[in-house]
Amino acid sequence: MIIQDIPITGHTQLTGLLGSPVAHSISPLMHNEAFRCLNLDYIYLCFDVTEETLPEAVAGLKAMGARGFNLTMPNKNRVVELLDEISPAARLTKAVNTVVNDNGRLIGTTTDGVGYMQSVIDAGYDIIGKTMTLMGGGGAASAVCAQAALDGVKELNVFIRSSSRFYPRMKELIDAVNETTDCHAALYDQADITSLRSSLAQSTILVNATSVGMAPDTDHSIIEDTSLFHEGLIVSDLIYNPRKTKLLSLAEQSGCKIFNGMYMLLYQGAEAFRIWTGKDMPVEHIKQLYFSDRA
């Protein structure tokens, strides 16, 4: 990114990403290029912020009048209690990935689920009316779970460690999905390999919504036993760095169709862009620049 292409003025509005790690993120590239294309006086930066430092970071951004910010792991759940208002979708998932500063009020929502479901379509797949196996219980997993159910996935089996601090929250979400949508959702311990094998055998798609396999710890996979895969299974990893995680490599070697989290990032970012600026991100232009090597 060449700084002279993004002039900084006394009116430049700050947006950015709070998470840890964030140095690998391509969000600054796509947002800053979109700002440049539309001649908008905004800038997007990354800030390495942990759950422990998040309250101070949010208070600082609010005090400085930042226009808004994104949240990534591990901050999507923790930030909820720091905001003035959250959207209905965020209340359902108890997670926020996008915050807008509306005249001093911080309003949070989640765009991850919409972004993921659009990424499935862009990858060329139709999972409506079918079965999904979802690994994980954090903010991204919650967003995918909720949106998949709302969009019409027929059955959704979620696997998470029963010892995880996210387990009770995911249990609440599963109950809400069953009460308010036509999707049948169930929650299992990640260690229950028998149930996992059964779920995958019936599933059209497997989604990894954990951080297992993310750079720099790329030697790990949420599933190591390749006998759990079958050729009719689509394997999707929300991770996009590396482009092809160990999970995706193992699945591809087993004959599965695969795709990563690149387009989820694109489409959740496009919605955040619209919330901050009131403008549509030039998605096709951004896709050609930064997403052409999607796995």
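Okay, so let's go over this structure. (Residues numbered from 1 in each chain as written. Predicted model: local features only at pLDDT ≥ 70, side-chain atom pairs only at ≥ 80, totals over all residues. Heavy atoms only, no water.)

## Describing empty space enclosed by the protein
Counted according to the given criterion, the structure contains 1 cavity of 30 Å³ or more. If you add up the space inside the largest cavity, you get close to 410 Å³. Lining the largest cavity are 25 residues, and of these T72, K76, L238, Y240 and L265 sit closest to its centre. Put simply, the parts of the chain that give the lining of the largest cavity at least two residues each are β3 (68-71) and α9 (262-277). For the lining of the largest cavity, the element with the most residues is α9, which contributes 3 residues. Of the residues contributing to the lining of the largest cavity, the split by class is 13 nonpolar, 10 polar and 2 charged. (1 Å grid on protein atoms, 1.4 Å probe; cavity = no way out; pocket = protein on both sides within 12 Å on 5 of 7 lines; lining within 4 Å. Points joined across faces, edges and corners; volume = space filled by probe spheres on them. Helix = DSSP H or I, 4+ residues; strand = E, 2+ residues; numbered from the N terminus. Nonpolar A, V, L, I, M, F, W, Y, C, P; charged D, E, K, R; others polar.)

## Some remarks on the packing of helix α4 (residues 112-122) against α9
Between α4 and α9, whose axes approach to 7 Å, the crossing angle comes to 130°. Taken together, the axes of α4 and α9 are oblique relative to one another. For the crossing formed where α4 meets α9, the hand is right-handed. For the pair α4 and α9, the contacting residues are D112, G115, Y116, Q118, S119 and D122 in the first and Y263, M264, Y267 and Q268 in the second. Here the residues of the contact of α4 with α9 sort into 4 nonpolar, 4 polar and 2 charged. (Axes fitted to C-alpha atoms, helices over the stretch in contact; angles between N-to-C directions. Parallel < 35°, antiparallel > 145°, perpendicular 65-115°, else oblique. Left-handed = near helix turned anticlockwise from the far one by under 90°. Contact = heavy atoms within 4.5 Å.)

## Quick look at the layout of surface pockets
Here the largest pocket is characterised by a volume of approximately 430 Å³. Here the lining of the largest pocket is composed, by residue class, of 8 nonpolar, 10 polar and 3 charged.

## Notes on the side chain of T98
With respect to the helices and strands, T98 occurs in strand β5 (residues 98-102). The buried category is assigned to T98, whose relative accessible area is 1%. Apart from the residues within four sequence positions on either side, T98 is in contact with F69, N70, I107, G108, T109, T111, A272, I275 and W276. (Buried < 20%, exposed > 50% of the residue type's maximum accessible area, 1.4 Å probe, protein only.)

## Examining helix α8 (residues 246-253)
For α8, every residue scored as buried is listed here: L247, L248, L250 and A251. Mapping the buried residues of α8 onto a view down its axis gives an arc of 165°, with all of them on the same face. Check the buried side of α8 and you find it contacts β10 (205-208), β11 (234-237) and β12 (257-259). With its phi angle positive at about 90°, G255 sits one or two positions after the end of α8. (Arc of directions from axis to C-beta.)

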